[in-house]
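Secondary and tertiary structure notes
Given next are the chains, with one letter for each unit.
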Amino acid sequence: MAETAPLPPKESVHQAGGGQPAVEDRTIKEVGSTVLQYLEKIYATHASPADKQWHKDSIVEFLHHSQADKVTETSGDIAGQDNLDFCGFLRYMTSSAANALAPSLEQDLSWPLASYYVSSSHNTYLTGNQLASDSNADAYRNVLLRGCRCVEIDVWDGSDSDVESSDSSNSDEDSDSKEIKALRKASRKERIASKLPGSLTSRLEKTSLGKRITGKPAEASDSGEKKEGPITGTAPIKKSPNPQAVAIEPRVLHGYTLTKEVSFRDVCKAIRESAFVVTDLPLIVSLEVHCSQQQQEAMVRIINEVWKGLLLPQPDDDAKFLPAPGTLRHKILVKVKYVPPNKHTSTAEEESVDRSSPETKTATPTSSNATQKKVKKASKIIQALSALGVYTRGVSFKSLSQPEASMPTHIFSLSEGGVEEVHETEAAKLFEHNREYLMRTYPSGMRIGSSNLDPITFWRKGIQIVALNWQKWDEGMMLNEGMFAGTGGYVLKPEGYRGSKPITVPTNEGEDSGMQKEKEKEGKEKTVSVPAPEAILPQTLDLNIVVFAAQNIPLPEHDDKASGFKPYVKIELHTEPPHDTHAHAHAHHLPNTSSAKPPTSASPTRAKEGEYKARTKTQRGVDPDFKSEALAVAKGVPGVVPELAFVRFVVKDDEIGRDDLAAWACVRLDRLRTGYRFVHLLDRQGRESQGALLVRIDKKLA
């Protein structure tokens, strides 16, 4: 799938991702001849034989039975008409009223934060792969303008060269300086290569990325450089005290890799500029801190300076309940390692538990000891930095029973593998934890190409913050767009997935109303927790889709001739795997009933390959006629939760070998409209296109 570098802000506003409110209604600007013939047939089917027009009864029949529209929706403008000619029908079909994606309804933002899914980014600063791509402040602007509401910053100590670069920018480097930098670069590659598991290194050596890291092709030159002098890249270059050192500021990069860095200040500025352009809902900034205490102090200064007015005030007491996103508009929530007052902790433990890869866990004792030594050198989090985490206090995960697991403001952060391990043994407890408290998950460290996990797997476990690599367009990002499109980046969980909701009541409810009002004036109220409904009501789904034709389909990457384009449409339903439905059907229970619990076995990441998929025959050109091909996507599929099921439309080029992606759309099942609809397509990089599919959707939930 395609990787995308950050687009300029004006362009990125029109790029999907997950959460961006609709800038404009999606409409069809012009109808091509291939599609027009089918619209004429649809109109003729409902027209009066006498005058070839639609009359009142035909209009109502079409809207309410074929389209299942309500007169309160945008179709209301034709619902009130007595007659409708073909031009009027075309205006309706090309308007947003015929979009297969229903508009996002105004959300209830009064529930605690843990009752929402949040559109989230992993290693936001990267523009490509996890080992050797650039870090860029524009990456933050890009994802924020696309609706992201949780970004990540990996912060490391600044370098002396950061200061020197400004002094030497107008003069040529001398040969000694160049030699020292070359040695540093070579030694850095060696350190990175030594940290990689052997199995991964051998695989990487076969790729251009691996050659950059292992330096295999450059062995001769490297060894030659090492013989030229006693200087080694691992030994620090001693420098005389420089008064400019105070200007050194933290930097952002992916540690122990060849990724290029960007300054922490520039990242903070980019966040401030773009955080609340497309939505005013709160932004969570997840800090992964690898800095010395001195550099952490610099972080605090920069944060307070650049984000002034956007940070939360320090509370007088610890919160007993998480606040609602509706009360945190235009606020930045800092997620950082929690340090109890007057105590210090180290980032080491969190990194060793949460960031370790499967290979690291099975490493030899020697390599394990070396890793532990490196871990022990990790810097301690200073109190001033930890205090910035008011409602999002990072806590190292040990178990779901540790004391911090019941602290309302804690947040656990686990890799996808870590979540699956917990789910295997404590599925019910994991789900119950995530109804009340925050949890974040992120892709495995083995995903060096920045591929994404399947977010639905983790949303079903109640995890609110599922971080994805937004620079990589793959199935995971398509599903993220399906979940959050047009929502502002927050989606209220379905019933049964939410936790309790705090409400304010007078302290003495038995008193008469006059006395109650008097006490309310005096502020004598209390907050109580009201349990949320626990029942999940899964449904059985039948989904049939007729694909008539398409127009203006974007060509795949590197294709420039429409004559050689052979498109087909594949439609997939993403829902609970079939062998889990018996458990999910009884996943939740009435209060105080112990017989029904959430599933206790690990759920596979998705339904089996081939389940709930259907595809059309291959046609030709960018305006293909699919000849009203009927696709039975799902028949009698049980255990469906519409808010956590997705229908993905993928247009690919039928080729020998791998079929290239041309365009796609992803719609959450509860927002998929029935009847004659246009599916508006995005191109392979998630940008809006003029491409559209004309379909008829028959969706039945029981």
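If you're wondering where the values come from, they're calculated on a predicted model, not measured in any experiment.

Section: the pairing of strand β4 (residues 150-156)
- When you tally the buried positions in β4, you get seven out of seven residues, the bulk of the element.
- The side-chain alternation of β4 yields two buried faces, one formed by Cys-150, Glu-152, Asp-154 and Trp-156 and the other by Val-151, Ile-153 and Val-155.
- In this structure, β4 lies alongside strand β5 (residues 251-252), joined through two bridges in antiparallel fashion. Pairing of Val-155 across the sheet is with Val-252, part of β5.

A word on the packing of helix α6 (residues 138-145) against helix α12 (residues 264-274)
- At a minimum axis distance of 8 Å, the contact between α6 and α12 shows a crossing angle of 25 degrees. In terms of orientation, α6 and α12 fall into the roughly parallel class. As for the relative orientation of α6 and α12, their crossing is right-handed in sense. In this structure, α6 contributes Tyr-140, Arg-141, Leu-144 and Leu-145 to the contact, and α12 contributes Val-267, Ala-270, Ile-271, Glu-273 and Ser-274.
- Considering only residue class, the contact of α6 with α12 consists of six nonpolar, one polar and two charged.

Focus on the sheet that holds strand β23 (residues 660-668)
- Taken in spatial order, the eight strands of this open sheet run β20-β19-β22-β23-β24-β25-β18-β21, and their pairing is antiparallel. Every other strand in the sheet has two partners, leaving β20 (613-615) and β21 (625-640) as the edge strands with one partner each. Going across the sheet, the axis of each strand differs from the next one's by a mean of 25 degrees, ignoring polarity.
- Taken together, the two bridges between β23 and strand β24 (residues 675-683) define a ladder with antiparallel strand orientation. Paired with Ala-663 across the two strands is Asp-683, which belongs to β24.

Topic: the nonpolar core
- Core analysis: the largest hydrophobic core is formed by 80 residues, its most contacted members being Ile-153, Phe-264, Ile-271, Leu-287, Trp-307 and Leu-385.
- One finds Ala-100, Val-647, Ala-662 and Leu-681 within the second-largest nonpolar core, a separate group that totals 34 residues.

What to know about the packing of α12 against helix α13 (residues 293-306)
- Relative orientation of the contacting elements α12 and α13 amounts to 25 degrees, with a least axis distance of 10 Å. Put simply, α12 runs roughly parallel to α13. Like other packed secondary-structure pairs, α12 and α13 cross with a definite hand, here right-handed. Contacts from Phe-264, Arg-265, Cys-268, Lys-269 and Arg-272 in α12 reach Met-299, Ile-302, Ile-303, Glu-305 and Val-306 in α13.

Thoughts on the packing of aromatic side chains
- Tallying each qualifying case throughout the model produces 18 aromatic pairs.
- Judged by centre distance (5.4 Å) and plane angle (45 degrees), the rings of Tyr-38 and Phe-548 are tilted. Pair noted here: Tyr-38 is in helix α2 (residues 33-46) and Phe-548 is in strand β18 (residues 539-551), with a separation of 510 residues, a long-range link. Both residues of the pair, Tyr-38 and Phe-548, count as buried.
- Note on Trp-54 and Phe-89: the rings are 5.1 Å apart at their centroids and 55 degrees apart in plane angle, and the pair reads as tilted. On the criterion of sequence distance, the pair formed by Trp-54 in strand β1 (residues 54-55) and Phe-89 in helix α5 (residues 86-93) is long-range, its members being 35 residues apart. Across the pair, Phe-89 and Trp-54 agree in class, each one buried.
- Feature note: the residues Tyr-38, Tyr-43, Trp-54, Phe-62, Phe-86, Phe-89, Tyr-92, Phe-548 and Tyr-676 constitute an aromatic cluster, connected by ring pairs.
- The lysine or arginine in question, Arg-498, covers the ring of Trp-111, its NZ or CZ lying 5.0 Å from the ring centre.
- When the ring centre of Tyr-568 is taken as reference, the NZ or CZ atom of Arg-615 above it lies at 3.7 Å.

With respect to the side chain of Thr-487
- Along the polypeptide, Thr-487 turns up in the loop between α20 (475-484) and β15 (490-492).
- In this structure the side chain of Thr-487 is engaged in a polar contact, spanning 2.6 Å, whose partner is the backbone oxygen of Phe-484.
- Setting aside residues up to four positions removed in sequence, Thr-487 forms contacts with Gly-19, Ser-104, Gln-107, Leu-281 and Arg-671.

Reading the values: rules and limits
Residues numbered from 1 in each chain as written. Predicted model: local features only at pLDDT ≥ 70, side-chain atom pairs only at ≥ 80, totals over all residues. Heavy atoms only, no water. Buried < 20%, exposed > 50% of the residue type's maximum accessible area, 1.4 Å probe, protein only. Helix = DSSP H or I, 4+ residues; strand = E, 2+ residues; numbered from the N terminus. Pairing = 2+ DSSP bridges. Axes fitted to C-alpha atoms, helices over the stretch in contact; angles between N-to-C directions. Parallel < 35°, antiparallel > 145°, perpendicular 65-115°, else oblique. Left-handed = near helix turned anticlockwise from the far one by under 90°. Contact = heavy atoms within 4.5 Å. Nonpolar A, V, L, I, M, F, W, Y, C, P; charged D, E, K, R; others polar. Core = buried A, V, L, I, M, F, W, Y, C linked by side-chain atoms within 4.5 Å. Phe/Tyr/Trp six-rings, centres within 6.5 Å; stacked < 30°, edge-to-face > 60°. Lys NZ or Arg CZ within 6 Å of the ring centre and 35° of its normal. Polar contact = N/O pair within 3.5 Å; in protein donor to acceptor, adjacent residues only side chain to side chain.

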